Amino acid sequence: MKRSLLVGSLSLAVSGLLIAGAGTPASAAKGPRAATPKPSKSQALRDATAEVAASPGTVKAGAHDTFVSHDVTVDKDGTRHVHLDRRYQGLPVLGGDVIVHSAPNGELRSTTLTLKAPLTLSVTPKVTKQHAVAVAVAKFKGARKGSTAQLVVDATAATPTLAWQVVVNGTAPDGSPSHVHTLVDATTGKAGKTWNTFHSTVVAGRTTTTAQGATAAGAAASGTGHGYQVGDVTLGTSTGAGGGYELKDPTRGNGETRDAQNKTVTNDSPPAGWGVPFTDTDNVWGDGTLNDRATVAVDAHYGIQATWDYYKNVHGRNGIKNDGVGARSFVHYGTNYDNAGWDDDSFSMIYGDGAVGQKPFTELDVAGHEMSHGVTAATAGLNYFGDAGGLNESTSDIFGTLVEFNANSPADKPDYLIGEKIGSTPLRYMDDPKKDGVSQSCWTTNTKNLDPHYSSGVGNHWFYLMAVGSGSSSWGNSPTCDGGTVTGLGNDATGKIWYRALTTYLTAASTYADARTASIKAATDLYGASSTQCATVEKAWSGVGVAPTATTCGGTTTQPPSGSNLLLNPGFESGATNWTASSGAITNDTGATAHGGSYYAWLDGYGSSHTDTLSQSVTIPASATAPKLSFWLAIDTKETGSSAYDTLKAQVVSGSTTTTLATYSNATPSGYVQRTLDLSAFKGKTVTIKFTGTEDSSLATSFLIDDASVTTG
């Protein structure tokens, strides 16, 4: 009987609970499984922590790692995806988060993470906190209100380092709230990455009736709004304490809109009671002109409800954090403030009235954009630097656009432009982002070095190709970076694929390559590996210059050596066809996971004396220049220590001679890793490629093989 894929044992503190010697889920048997009731999020978290405690190798965890819950998603069929943040010797690890993917019965299927190896660094700084703060403060521009500093592990680079993460709070030169994070190397004292967790619609510095006091939300009401950007709309409001009405919506988590009175914050974030509420006696708001201060409040308040309704009705998400709590908006922020932004610290957004000659930033796609920063923070937690920063910004552009299409307002007709009603030209173009003169339409190795507003162009372009397609249309003219042709799927499928990628497969330090992998997995989950939707995901990513990864649709993979594959059915997607294997070794059993597609070879994993074999004959031409055997191998084990108790041998049988090319064992557990072996000694011969898995009498080790190839060079 196959066992669940769990490794060793480890004591881990997860969500404040010490998990020591955690038990494993029930054993997994080949063949059909009994139906399992859909678990609660708390049950999914408990099971995931047990899996992590029992399988440290799957998440690159060492003895000093602990994990805390970040987000939990349970699919309709009970499949779980538990997002955990990592601590190393008590310190936060940037880029160390992990997603544990489990079957409906709680068995571990796979993990998603960017950390490459367990952490082993010292956590003793050579640079003082005071020095780090001084370095960061010297880089801050604007009015400083205060600063904090804590030690962290920066695992976003190739070599993890100890750093001081200094946050300087204040107000930027343009009046925006500012939370500038700077990493200062705790060994050298040099400043490294820097980013701002106040997310503005455009790069800061770009040139382009109210009553005092707050009231508690009363009964829900329905008001009429005459907005500047959104036109005439119906608004969710509430009855006020004095018998009038207030722009606060009890049906959408008490989301409210307030007047900033042309002031800027003095404490770096707008607090809950800041500004003044909009109140009215007849529940009719604004007059469609800027002469009435409530007119732009109508825009902002409608933006709250349109964003809420999109996420609720399309994705089943109950508010920005999926906790039923509405966001807060402040309009008339500053004087001639030429921006808008989301502040996750205060769970609110601000809108400026625009520079002289510009219009207020209360456009619908801007509202959807800003609040989607909150969704990203609550799910993938994408960093605001590197490729992840571009993905963060493009996610907000994508969902801001989808909010606009979902609302389908006649006053703000949907399109694939960002903020096109604010100034004389759009803030960003999705069909060909480089048209704005600063954004990228195609990914390059320099993308990670750009401001996220400009590196977002790669993700925006991908979305447009997915939704609309390449070439000319009524929406724009979209070229591809590889010269290929992409036929669009429409907004619905594209939005669902990206939402699942964001909430299920992306982590804080994800790159554009990771986004390609994540969206392929999402499309496979939703529509199948052989679907048109999945194939379109691949074409669209290639169309923006993001190269294929090991994860592809249909169970295929990019062949590492050059030359055509001499093996038949190399990804096992036709079952045991063309292979000779032990009974049940070639499988689509959900107790483990394939490298690509649905089928793979599962050798051993019984926890008793056992041998499984897998083989196929192949003729290697005498003319082969550099013949190679390549395959993807994952090893999961319950063994501990460095002794090789269970082994997998990659062999070549030629006549009566068996040659072992390589031996793998329980001593080096890992997720899927590509192995490539030399076959030069067998040129001109017909041989049998053979894998032999041998397991001792106790403690299971599973060897998973997929996407094999024999090439000539």
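Remember, predicted model here, so these are calculated numbers, not experimental data.

1. Quick notes on the overall build of the protein chain
Reasoning step 1: When you go through the protein chain residue by residue, the secondary structure sums to 9 helices and 37 strands.
Reasoning step 2: Here the protein chain has a C-alpha radius of gyration of 28 Å; the compact-globule value for 713 residues is 27 Å, and the two agree.
Reasoning step 3: Relative to its 713 residues, the protein chain shows a buried fraction of 56%.
Reasoning step 4: As presented, the protein chain carries roughly 26,000 Å² of accessible surface, and 51% of it is formed by carbon and sulfur atoms.
Reasoning step 5: Charged side chains in the protein chain number 51 positive and 61 negative. The centres of these two groups are separated by 6 Å.

2. Some thoughts on the pattern of salt bridges
Reasoning step 1: Considering all chains together, one arrives at 14 salt bridges under this definition.
Reasoning step 2: One salt bridge in this structure joins arginine 328 and glutamate 256, with 3.1 Å as the shortest N-O distance. With arginine 328 in strand β21 (residues 328-333) and glutamate 256 in strand β17 (residues 255-259), this pair connects stretches of sequence that are 72 residues apart.
Reasoning step 3: Counted as one network, the salt bridges with shared partners bring together Asp75, Arg500 and Asp525.

3. Concerning the packing of aromatic side chains
Reasoning step 1: Taken as a whole and judged by the stated rule, the model has 23 aromatic pairs.
Reasoning step 2: Both rings, one in phenylalanine 399 and one in tyrosine 499, keep their centres 6.3 Å apart while their planes meet at 80°; by these two values the pair is edge-to-face. Note that phenylalanine 399 is positioned in helix α5 (residues 386-407) and tyrosine 499 in helix α7 (residues 491-505), a separation of 100 residues in sequence.
Reasoning step 3: Judged by relative accessible area, phenylalanine 399 falls into the buried class, the value being 0%.
Reasoning step 4: Assessed through its relative accessible area of 12%, tyrosine 499 is described here as buried.
Reasoning step 5: Ring geometry for tyrosine 416 and tryptophan 475: centres 5.2 Å apart, planes at 85°, overall edge-to-face.

4. Digging into the sheet that holds strand β37 (residues 701-711)
Reasoning step 1: Pairing within the open sheet is antiparallel, and its 5 strands lie in the order β29-β30-β37-β32-β35. In the strand order of this sheet, the two ends are held by β29 (586-587) and β35 (670-678), each with one partner.

5. Looking at the pairing of β37
Reasoning step 1: With 11 of its 11 residues buried, β37 lies for the most part within the structure.
Reasoning step 2: Bridge count between strand β30 (residues 600-604) and β37: 4 bridges; the pairing is antiparallel. Pairing of tryptophan 602 across the sheet is with leucine 704, part of β37.
Reasoning step 3: Here strand β32 (residues 628-637) pairs with β37 via 9 bridges, running antiparallel. For threonine 637, the partnering residue across the bridge sits in β37 and is threonine 701.

6. Structural notes on the layout of surface pockets
Reasoning step 1: Of the pockets and cavities examined, the second largest pocket occupies roughly 830 Å³.
Reasoning step 2: Lining the second largest pocket are 34 residues, and of these Leu94, Trp195, Thr197, Gly381 and Asn383 lie nearest its centre.
Reasoning step 3: The element that contributes the greatest number of residues to the lining of the second largest pocket is strand β4 (residues 80-88), accounting for 4 residues.

7. Things to note about unusual backbone geometry
Reasoning step 1: One non-glycine residue, glutamine 261, lies in the positive phi region at around 60°.
Reasoning step 2: Along the chain, glutamine 261 falls in the loop between β17 and β18 (276-277).
Reasoning step 3: One non-glycine residue, asparagine 262, adopts positive backbone phi at about 60°.
Reasoning step 4: Structurally, the position occupied by asparagine 262 is in the loop between β17 and β18.

8. Side note on the sheet that holds strand β14 (residues 232-239)
Reasoning step 1: Across the sheet, 5 strands lie side by side as β19-β15-β14-β13-β20; this open sheet has mixed pairing. The open sheet has two edge strands, β19 (279-280) and β20 (284-285), and neither has a second partner.
Reasoning step 2: Direction of pairing for strand β15 (residues 245-246) relative to β19: antiparallel, over a ladder of 2 bridges. Within β19, the position partnered with tyrosine 245 by the bridge is aspartate 280.

9. Digging into the nonpolar core
Reasoning step 1: Among the nonpolar cores identified, the biggest contains 72 residues, and Phe399, Trp462, Trp498 and Trp541 are the most heavily contacted of them.
Reasoning step 2: Element by element, the count of residues in this core is highest for helix α3 (residues 294-315), at 10 residues.
Reasoning step 3: Setting aside anything within four residues of it in sequence, one finds tryptophan 498 in contact with Leu391, Thr395, Ile398, Phe399, Trp462, Leu506, Ala515, Ser519 and Trp541.
Reasoning step 4: In terms of nonpolar packing, the next biggest core, distinct from the first, is built from 30 residues, Ala624, Ala650, Val687 and Ala708 among them.

10. Looking at the packing of α5 against α7
Reasoning step 1: Viewed as axis vectors pointing N to C, α5 and α7 meet at an angle of 145°, and their least axial separation amounts to 11 Å. The way α5 lies across α7 gives a crossing that is left-handed. Contact residues: α5 offers Leu391, Thr395, Ile398, Phe399, Leu402 and Phe405, while α7 offers Asn491, Gly495, Trp498, Tyr499 and Leu502.
Reasoning step 2: Looking at the contact of α5 with α7, its residues break down into 8 nonpolar, 3 polar and no charged.

11. Re the environment of glycine 303
Reasoning step 1: In this structure, glycine 303 sits in helix α3.
Reasoning step 2: Sequence separation between glycine 303 and alanine 367 is 64 residues; the distance between their C-alpha atoms is 5.2 Å.
Reasoning step 3: In this view, glycine 303 contacts Leu364, Ala367 and Met371; residues no more than four positions away in its chain are not counted.

12. Observations regarding empty space enclosed by the protein
Reasoning step 1: Quantified by volume, the largest cavity comes out at close to 50 Å³.
Reasoning step 2: Sort the elements by how many residues they give to the lining of the largest cavity and α3 lands first, with 3 residues.
Reasoning step 3: For the lining of the largest cavity, a count of residues per class yields 6 nonpolar, 3 polar and no charged.

13. Structural notes on helix α1 (residues 41-54)
Reasoning step 1: Helix length check: α1 (14 residues) gives 20 Å between terminal C-alpha atoms against 20 Å at 1.5 Å per residue, within 8%.
Reasoning step 2: Taken together, the buried positions of α1 are Ala44, Leu45, Asp47, Ala48, Thr49, Ala50, Glu51, Val52, Ala53 and Ala54.

Conventions adopted
- Residues numbered from 1 in each chain as written.
- Predicted model: local features only at pLDDT ≥ 70, side-chain atom pairs only at ≥ 80, totals over all residues.
- Heavy atoms only, no water.
- Helix = DSSP H or I, 4+ residues; strand = E, 2+ residues; numbered from the N terminus.
- Rg over C-alpha atoms; globule rule 2.2 N^0.38 Å.
- Buried < 20%, exposed > 50% of the residue type's maximum accessible area, 1.4 Å probe, protein only.
- Areas by Shrake-Rupley, 256 points an atom, 1.4 Å probe, with all protein chains shown as cover.
- Lys, Arg positive; Asp, Glu negative; His and termini not counted.
- Charge placed at Lys NZ, Arg CZ, Asp CG, Glu CD.
- Salt bridge = Lys/Arg side-chain N within 4 Å of Asp/Glu carboxyl O.
- Phe/Tyr/Trp six-rings, centres within 6.5 Å; stacked < 30°, edge-to-face > 60°.
- Pairing = 2+ DSSP bridges.
- 1 Å grid on protein atoms, 1.4 Å probe; cavity = no way out; pocket = protein on both sides within 12 Å on 5 of 7 lines; lining within 4 Å.
- Points joined across faces, edges and corners; volume = space filled by probe spheres on them.
- Core = buried A, V, L, I, M, F, W, Y, C linked by side-chain atoms within 4.5 Å.
- Contact = heavy atoms within 4.5 Å.
- Axes fitted to C-alpha atoms, helices over the stretch in contact; angles between N-to-C directions.
- Left-handed = near helix turned anticlockwise from the far one by under 90°.
- Nonpolar A, V, L, I, M, F, W, Y, C, P; charged D, E, K, R; others polar.
- Expected span 1.5 Å × (residues − 1).

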